[in-house]
Amino acid sequence: DGGITQSPKYLFRKEGQNVTLSCEQNLNHDAMYWYRQDPGQGLRLIYYSQIVNDFQKGDIAEGYSVSREKKESFPLTVTSAQKNPTAFYLCASSGQGGTGELFFGEGSRLTVL
Amino acid sequence: AQSVSQHNHHVILSEAASLELGCNYSYGGTVNLFWYVQYPGQHLQLLLKYFSGDPLVKGIKGFEAEFIKSKFSFNLRKPSVQWSDTAEYFCAVNAQTSYDKVIFGPGTSLSVIP
């Protein structure tokens, strides 16, 4: 089935450690996105990418990094510089033409101990 | 910069009551508008969308939304809610000149009491 796969579903890390969240899509979509979801704040855009080897910062990019080496993959690294990393992270993709209609993965919940 | 606001943080309704969730956006140009829903334990999915044409759009499960350009609003409605509509609802917007940046509102949590 076509879709977006995020892994891991749950992740625990100690303070000061970097962690990478995986996002893979087999929808042949050009654009991919990372959002952070916190209660009462909705979804906030971290990074997005329109094509391979290109990406743009969203509204809350500080403390995060991404890469887009393949069309299918858009991993997100939560670095130790992110001051409040405990959150639910959502990856999404959007098809060619960019209507803005997003398809989401099931999310990754990161907890920093 | 684009932004989206939603009028209610948490709404509680009895089954068969009517629903209206408010959404306003700030952007002066032409936009695409969306409502997404997140049922408990499930991933976000599209409820309905507006790109152009008839400002009254219909989505899945009996939901509809009306785009009022003069008010920068895109309110979601349903005449009679069911317990299964309990979910988090998010309004989203993207500018048609910037297709790839989609901005979400803070969400409204709907609880329907049987």
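Just above, that's the structure.
Residues numbered from 1 in each chain as written. Chains lettered and ligands numbered in written order. Predicted model: local features only at pLDDT ≥ 70, side-chain atom pairs only at ≥ 80, totals over all residues. Heavy atoms only, no water.

(A) Layout of the overall build of chain A. Across its full length, chain A carries zero helices and 11 strands. Order of helices (α) and strands (β) in chain A, N terminus to C terminus: β-β-β-β-β-β-β-β-β-β-β. On C-alpha atoms alone, chain A measures out to a radius of gyration of 13 Å, which is about the 13 Å that the 2.2 N^0.38 rule sets for 113 residues. Once the C-alpha set of chain A is aligned to its principal axes, its extents read approximately 40 × 30 × 25 Å. In chain A, which comprises 113 residues, the share counted as buried stands at 50%. Accessible surface for chain A amounts to roughly 5,500 Å². Of this, 46% is attributable to carbon and sulfur atoms. Mean positive and mean negative side-chain charge positions of chain A (11 and 12 charges, respectively) differ by 8 Å. (Helix = DSSP H or I, 4+ residues; strand = E, 2+ residues; numbered from the N terminus. Rg over C-alpha atoms; globule rule 2.2 N^0.38 Å. Buried < 20%, exposed > 50% of the residue type's maximum accessible area, 1.4 Å probe, protein only. Areas by Shrake-Rupley, 256 points an atom, 1.4 Å probe, with all protein chains shown as cover. Lys, Arg positive; Asp, Glu negative; His and termini not counted. Charge placed at Lys NZ, Arg CZ, Asp CG, Glu CD.)

(B) The arrangement of the packing of aromatic side chains in detail. All names here are of chain A. Applying the stated criterion across every chain yields a total of 15 aromatic pairs over all chains. Their ring planes at 65° and their centres at 5.9 Å tell us that Tyr64 and Tyr89 sit as a pair that is edge-to-face. In this pair, Tyr64 sits in strand β7 (residues 64-66) while Tyr89 sits in strand β9 (residues 87-94), placing the two residues 25 residues apart along the sequence. (Phe/Tyr/Trp six-rings, centres within 6.5 Å; stacked < 30°, edge-to-face > 60°.)

(C) Representation of the pattern of salt bridges. One pass over the structure, following the stated rule, counts nine salt bridges over all chains. Residues A:Lys71 and A:Asp30 are paired through a salt bridge, measuring 3.3 Å at the closest nitrogen-oxygen approach. Remark: A:Asp30 occurs in the loop between β3 (19-25) and β4 (31-38) and A:Lys71 occurs in the loop between β7 and β8 (76-78); sequence separation between them is 41 residues. The partly exposed category is assigned to A:Lys71, whose relative accessible area is 24%. Where B:Glu64 meets B:Arg77, a salt bridge forms, and the shortest distance between an N and an O atom there is 3.5 Å. With B:Glu64 in strand β8 (residues 64-68) and B:Arg77 in strand β9 (residues 73-78), this pair connects stretches of sequence that are 13 residues apart. Residue classification places B:Glu64 among the buried residues on the basis of a relative accessible area of 18%. A network of salt bridges, in which partner residues are shared, links B:Lys58, B:Glu64, B:Glu66 and B:Arg77. (Salt bridge = Lys/Arg side-chain N within 4 Å of Asp/Glu carboxyl O.)

(D) A look at the interface of chain A and chain B. If you look at the interface, chain A gives 23 residues, while chain B gives 20 residues. Approximately 1,800 Å² of surface area, both sides summed, lies buried where chain A meets chain B, with 56% of it carried by carbon and sulfur atoms. There are two salt bridges connecting chain A and chain B. Across the salt bridge formed by B:Lys49 and A:Glu101, the nearest N and O atoms sit 2.7 Å from each other. Only β4, β5 (42-51) and β9 of chain A provide two or more residues apiece to the side of chain A that touches chain B. When residues of the side of chain A that touches chain B are assigned to their parent elements, the largest contribution, five residues, is made by β5(A). Of the residues in the side of chain A that touches chain B, the class split is 10 nonpolar, 10 polar and three charged. (Contact = heavy atoms within 4.5 Å. Buried area = accessible area lost by both parts, 1.4 Å probe. Nonpolar A, V, L, I, M, F, W, Y, C, P; charged D, E, K, R; others polar.)

(E) Representation of the nonpolar core within the structure. The biggest cluster of nonpolar side chains holds 29 residues, and the ones touching the most others in it are B:Leu33, B:Trp35, B:Leu48, B:Phe74, B:Leu76 and B:Tyr89. With 20 residues, the next largest nonpolar core counts A:Met32, A:Tyr64, A:Phe74 and A:Tyr89 among its residues. (Core = buried A, V, L, I, M, F, W, Y, C linked by side-chain atoms within 4.5 Å.)

(F) Main features of a nonpolar patch on the surface. Residue and element names in this part refer to chain A. A grouping of Tyr10, Phe12 and Leu113 is seen on the molecular surface, where their side chains present a nonpolar patch of about 410 Å² in accessible area. Within the secondary structure layout, Leu113 lies in the segment after β11 (108-112). On the basis of relative accessible area, Leu113 is assigned to the exposed category, the value being 64%. (Patch = residues over 30% accessible without salt bridge, like charges linked within 9 Å, V, L, I, M, F, W, Y side chains within 5 Å.)

(G) Summary view of the pairing of β9(A). Residue and element names in this part refer to chain A. For β9, a buried count of eight out of eight residues is recorded, marking the element as mostly surrounded by other parts of the structure. On β9, burial covers both faces: Ala87, Tyr89, Cys91 and Ser93 on one face and Phe88, Leu90, Ala92 and Ser94 on the other are all buried. As defined by bridge partners, β4 adjoins β9 across seven bridges and the pair is classed as antiparallel. In the strand pairing of β9, Ala31 is matched with Ser94. (Pairing = 2+ DSSP bridges.)

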